[in-house]
Structure formats: structure tokens, C-alpha cells
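What follows is the residue order along each chain.
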Amino acid sequence: MSAVTDLLVIAKEPVPGRVKTRLTPPYTPAQAARLAEAALADTLRLVAALPARRRVLVLAGRPGEWLPAGAGFEIVPQAAGGLDERIAAAFAGCTGPALLVGMDTPQLTRDHLWPALAPDAWHGCDAWFGPAADGGFWALGLAAPDPALVRGVPMSTGHTGAAQRHRLTGAGLTVRDLPLLRDMDTAEDAAAIAAHCPAGGRFPAAHAGLRREAVR
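Values in this document were obtained by computation on a predicted structure and should not be read as measured data.

Participant: Please clarify how the packing of helix H1 (residues 29–49) against helix H6 (residues 202–214) should be interpreted in this entry.
Facilitator: Each packed pair of helices is defined by two parameters, the angle between the axes and the distance between the axes. Running from N to C, H1 and H6 point in directions that differ by 160 degrees, and their axes come no closer than 7 Å. The orientation of H1 with respect to H6, classified from their angle, is roughly antiparallel. In this structure, H1 meets H6 at a crossing whose hand is right-handed. Side by side, H1 and H6 meet where Gln31, Arg34, Leu35, Glu37, Ala38, Ala39, Ala41 and Asp42 of the first sit next to Arg202, Phe203, Pro204, Ala206, His207, Leu210 and Glu213 of the second. For the contact of H1 with H6, the per-class residue count stands at eight nonpolar, two polar and five charged.

Printed below as a string of C-alpha cells:
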């Protein structure tokens, strides 16, 4: 059976001083950008290996060497406005089922995402929701992408996830949940995530390298 779901990754170019600023301190802006780049590279590598109708990188900035070669990603610039507007615009570019993830969960595996990508993922289901431990969300899937389902939801708060899920259920949608995951906002988050990343990933290697630098 052909894949029916668009897979979207919303991300920022990992430029020092522009990404993961809450990691500084204890990390320098350059070190925080190294972690961000590794997280993004691991996320894109996973998405490249999963079945998808389209693979789309919704990017603020320019692509770099961290983009997997030959993976067929479409590069779409992020829209202007707050995060809700940027996510809404990303969904507006989709004509069928779409699943969006961020760049802050490099511990992602196929098993985490498979429920929303399986052949029966959309049978009796209108939306998939991936809650984050900090009260946000790390994934959002919509069978019929409607920007109004995201636009106006308050972002980057401790109740963002609850507000987004309520928006979905308030619209009468049947929502299924993906596993609870921790996303990377702080150095403590980065350490906990690195401990749960699949072996061979760039993120745990980058995190270990920064720890070695710190003890020199």
C-alpha cells in the first residue's frame, strides 16, 4: 500500500545565538548550535527512512550539510508570525493527511511514530497528538489539515499541549495519542534525551563530546 501521509519537520537552521538559547549557559551559543544540528540531523535521518507521501522540511534559514543527501526532502520556508502561524501555514501546504514533528526530540524512533504512519493510522482517527513532558507537544497529525485547528493556540507555555488538544477535540475530532516524550529546552533535558537516543545517533555523540570538553 502506498504511503498516504505527508511527513513534515519544522526547524530552524542551527546558527549559534539563534537556536536553543535556553541551553546557554552552561553551553556556549556555538555548543548549543552543535546540539541543535545533531538533533535536527538525527530527526531528518529518521524521517528519511519512514514511509511518506512527501517529506517536507519547513525551515527558518538555509539548508546545510545536516540535510540527508538523496532523501527527497522538499524545502519550504517558514511563514512569518508566531509558532502557531508557522505551524498553521505548514499544514496549509498539505492536501491530505499530514504529520508534523519538531527538531527537539532526537530520541525519536520508528516505533514512536509508526502508529500515525501505519496503513490503518487514519481509520476512525482525525488527529494524532504527541504530548511533551513540559506541557507542549512534539507531534501533531491531521487527517484533513486545517490551519484553523492550530492558529491562535498559545505556544511555548506549560499548557500549550492541553490547549492544542482541546482545540482538536472541541472541533469534534477523534484524537489518538502518541507516546509522551521529553523535548530539549535545557541542559538537563539534553542529558536525559542523550541517554535515551538510539545507538549511533549524532546527538548522543555530540552531547558526549561536549561533556568531555567540559572536564578538560
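Participant: Even after reading the chapter, I still don't get the packing of aromatic side chains, so can you show me in this structure?
Facilitator: The geometry of two aromatic rings is summed up by the distance between their centres and the angle between their planes. Applying the stated rule across the entire model yields one aromatic pair. Look at phenylalanine 129 and phenylalanine 137: their rings are 5.7 Å apart centre to centre, the planes differ by 40 degrees, and that puts the pair in the tilted class. Positioned above the aromatic ring of tryptophan 114 is the side chain of arginine 110, whose terminal nitrogen or guanidinium carbon lies 4.1 Å from the ring centre.

Participant: Whenever I open this one, unusual backbone geometry confuses me. Can you help?
Facilitator: If a residue is not glycine, its phi is most likely negative; likewise, a peptide bond is most likely trans. Of the consecutive residues threonine 24 and proline 25, the connecting peptide bond is found in the cis state with omega at -10 degrees. One can find proline 25 in the loop between strand E1 (6–12) and H1. The amide bond that connects proline 25 to the next residue, proline 26, takes the cis arrangement and shows omega of 15 degrees. If you check the backbone angles, lysine 20 has positive phi at about 50 degrees while not being a glycine. Here lysine 20 is to be found in the loop between E1 and H1.

Each value, and the rule that gives it
Residues numbered from 1 in each chain as written. Predicted model: local features only at pLDDT ≥ 70, side-chain atom pairs only at ≥ 80, totals over all residues. Heavy atoms only, no water. Axes fitted to C-alpha atoms, helices over the stretch in contact; angles between N-to-C directions. Helix = DSSP H or I, 4+ residues; strand = E, 2+ residues; numbered from the N terminus. Parallel < 35°, antiparallel > 145°, perpendicular 65-115°, else oblique. Left-handed = near helix turned anticlockwise from the far one by under 90°. Contact = heavy atoms within 4.5 Å. Nonpolar A, V, L, I, M, F, W, Y, C, P; charged D, E, K, R; others polar. Phe/Tyr/Trp six-rings, centres within 6.5 Å; stacked < 30°, edge-to-face > 60°. Lys NZ or Arg CZ within 6 Å of the ring centre and 35° of its normal.

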